[in-house]
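Structure at a glance
Now for the letters of each chain:
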Amino acid sequence: MPRVAALPAARQLQLLASLLSSAVALPSCQPRSAAPWIPTYHLMGPVSADPNGHLVTGPLNDANGLAFSGGFYHVFTQVSFQWAHFRSADLQTWERLPIALGLPAWDGALSMLPAEDGGAVIVYDLCPEPSNVALARPKNISDPALIEWDIYLGNASIAIDRSDFEPSIQPPNSPTCCGVTSCGKLGPPSDPSWCKVVRSNGCQATFFPGSIWKDLNGNFNFLAQTLLNNKTKEHGWWDRLGRYVAKDKSLRSWKLVDPSFASLPDGTPVVETGGGWFLPVPGSGLTPGQTGRYLLNSGGGDEFVLGDYNGHTNQFTNLSVVQHTDFARFSTDWTAVGIANGRMLQTGWLQEAGRLCPGGCAEPQEPLLSLVRELSYDKSTDTLRVLPVVELAGLRNGTLGSVATQELNGVLTLVEAAGDGGSTADIQSSFTFRPDIAPIKFGVGVFCPPRFAGIEALVNCTQVWFEVHPAGADGVRTATMSVRTAPDQFNHTAYNFTSAPFAVPMSATTINLRVLTDRAVVEAYAGVCGGHTACGKTAGTFDAIGQVAVEALAFPAMEATGVELFAVGATVGVDARAWGMGCGWVGGN
């Protein structure tokens, strides 16, 4: 697979040289002794003390917006029916800003329209019952800070007209229409979990609004999950991703023009369940609405489809599911994707965060967000790759350990378990193996305890490893990338295990791996190289990474800060280096 980089190599070198040469003092986060599992550079809610005096993270929920404005990168995330707001000038250190949207704001999407059309705009679900779609814009369009917002409530929602696709079969407020109760619950009446329905001409629903864009005809469009009353369908409703067109530039009134915007070649409709990001492929240089290749993110972050969009007809055709590193592998759900400063960036849930505080927590904390990552697109193979933004290297605060071109069959210590050690680290490694040898297992152990004693003791580390399998009857060789956490501080027998298969060409001789630890978080990114794929070390990062990714949450003991390299089944060559990571919060976390 050809090498893909989110930024040109020369630009990476220039940017990293600038970052690493500037001696800017990083802020200080809570010491690990006070907050053992509270991350230092992942996006999360504010840190405070609970009634027992334990430091805990505040709630955080769905990521709903990612943009660049006023010299800052902005991330918006829904929490407790409000929208929280983070911003960063450098994609290294972040600050929390005042709540952008107050009650009652649920899921939605931030889009950046051309400046002449008002720039930033948010469409979102109003909650609680009955839920409607609302719209917000910055109070001062000439102020790019995106701090203060005007909420266009009007008569509780923007107007949505679906009359062309469904006549009014029952009165709008019928408590039994399509299995919708008078409370506005969606689906069979036995399910009390939803209060998210817009009713106008009968029993329709529009919710989970997504991207807004201006097409080549000068019309504004947005996508949303759409339920139509169709008695030939199960439960009496029809679930699709609908396209709506604004009736005027105020964006206060919309009409459903296409109830099923996207379908795969086999006729399977693309159903939006919390994402709805519709953007030109990374690196295309297109402005949303222009004709070209587009990515549609659906399922709240679990899946991307790729297709051809015509900015005049608004047809989205030739769809295929993209082999994306997040798809069924990286538990980053409810994702925000956006074009920010010419780059396609993404963040979203990590796995259920569980407890990010000592045993005194009464309830598990809500999810924290992944690193902000950059998507790159390989048009020769229609694949996406994902890596943390290159600027993250600016948080490195010194080398913890390194190994250069060493043979390994067993275990090798990269970072001693002493002090904070590798509890917050950026670990990059390159494993070289003979293409004719399989099966073979190799990888990195993090959060390892002291007095480490060989392969058998790996069970006490959180492991990120590869198993390269022999070629099958079809001549295709595969590998599996896995992460398994060590027994944690809350359940000493339970393990968190995630696994992701990926193809390894017979000519491949190297797998590159990047592991980032952040007290309780492990994020890992990998890719193969060799044969037709260039493989090297550029600008302090290893190439050919981002083909596959996994993550997990671990809660290691205070003394478990070591990093180990290991290989089982054969000898591999290894190059590796680990850097400590500083605090990623302006003023501390």
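In this text the structure is predicted, and so the values were computed from the model without any measurement.

Details of the sheet that holds strand S21 (residues 336-340)
Reading across from one edge, S21-S22-S23-S24 is the order of the four strands in this open sheet, with antiparallel pairing throughout. A strand with exactly one partner marks an edge of an open sheet, and here the two such strands are S21 and strand S24 (383-388). Sheet twist, expressed as the mean angle between neighbouring strand axes with direction ignored, is 35°. Relative to S24, strand S23 (residues 373-378) runs antiparallel, the two being bridged by six bridges. Bridge pairing in S24 places Tyr-377 opposite Leu-384.

Looking at the nonpolar core
Judged by nonpolar contacts, the single largest core of 51 residues is most densely connected at Leu-43, Val-75, Trp-94, Leu-295, Leu-345, Val-372 and Trp-585. Here the element with the most residues in this core is S21; it accounts for three residues. If you look at the next biggest cluster of nonpolar residues, it comprises 43 residues, including Ile-440, Phe-466, Val-468 and Ala-524.

Some words on the environment of Ala-115
Among the structural elements, Ala-115 can be located in the loop between strand S7 (105-112) and strand S8 (120-126). On the basis of relative accessibility, which here comes to 66%, the residue Ala-115 falls in the exposed class. Residues Ala-115 and Ser-142 lie 27 residues apart in sequence; the distance between their C-alpha atoms is 9.2 Å.

Quick word on the pattern of salt bridges
For the structure shown, the criterion picks out nine salt bridges. A salt bridge links Glu-391 to Arg-343, with the shortest nitrogen-to-oxygen separation between them at 2.7 Å. With Glu-391 in the loop between S24 and strand S25 (396-415) and Arg-343 in strand S22 (residues 343-347), this pair connects stretches of sequence that are 48 residues apart. For the pair formed by Glu-391 and Arg-343, the shared burial category is buried.

A short note on the pairing of S21
Burial within S21 is extensive, with four of its five residues counted as buried. In this sheet, S22 lies alongside S21 in antiparallel orientation, the contact comprising five bridges. Note on S22: the bridge partner recorded for Ala-340 is Arg-343.

Some details on the packing of aromatic side chains
Enumeration according to the criterion identifies 21 aromatic pairs in this entry. A centroid spacing of 6.3 Å and a plane angle of 45° characterise the contact between Phe-76 and Trp-83, whose relative ring orientation is tilted. Note on accessibility: Phe-76 and Trp-83 belong to one class, buried. Every member of this aromatic cluster is reached through a ring pair, and the members are Trp-213, Phe-261, Phe-278, Tyr-294, Tyr-309 and Phe-316. The ring of Trp-585 is capped by Arg-96, whose NZ or CZ atom sits 4.0 Å from the centre of that ring. Directly above the aromatic system of Trp-579 lies the positively charged group of Arg-396, at a separation of 3.8 Å from the ring centroid.

Observations regarding the confidence of the model for the chain
With 74% of its residues at a pLDDT of 70 or more, the chain shows a mean pLDDT of 76. Within the model, pLDDT remains below 50 along residues 231-237, and this stretch shows 15 contacts once partners closer than five positions in the same chain are excluded. Across residues 536-541, where pLDDT falls below 50, the model places 19 contacts with residues more than four positions away in sequence or in other chains.

About the criteria used
- Residues numbered from 1 in each chain as written.
- Predicted model: local features only at pLDDT ≥ 70, side-chain atom pairs only at ≥ 80, totals over all residues.
- Heavy atoms only, no water.
- Pairing = 2+ DSSP bridges.
- Helix = DSSP H or I, 4+ residues; strand = E, 2+ residues; numbered from the N terminus.
- Axes fitted to C-alpha atoms, helices over the stretch in contact; angles between N-to-C directions.
- Core = buried A, V, L, I, M, F, W, Y, C linked by side-chain atoms within 4.5 Å.
- Buried < 20%, exposed > 50% of the residue type's maximum accessible area, 1.4 Å probe, protein only.
- Salt bridge = Lys/Arg side-chain N within 4 Å of Asp/Glu carboxyl O.
- Phe/Tyr/Trp six-rings, centres within 6.5 Å; stacked < 30°, edge-to-face > 60°.
- Lys NZ or Arg CZ within 6 Å of the ring centre and 35° of its normal.
- pLDDT = per-residue confidence, 0-100.
- Contact = heavy atoms within 4.5 Å.

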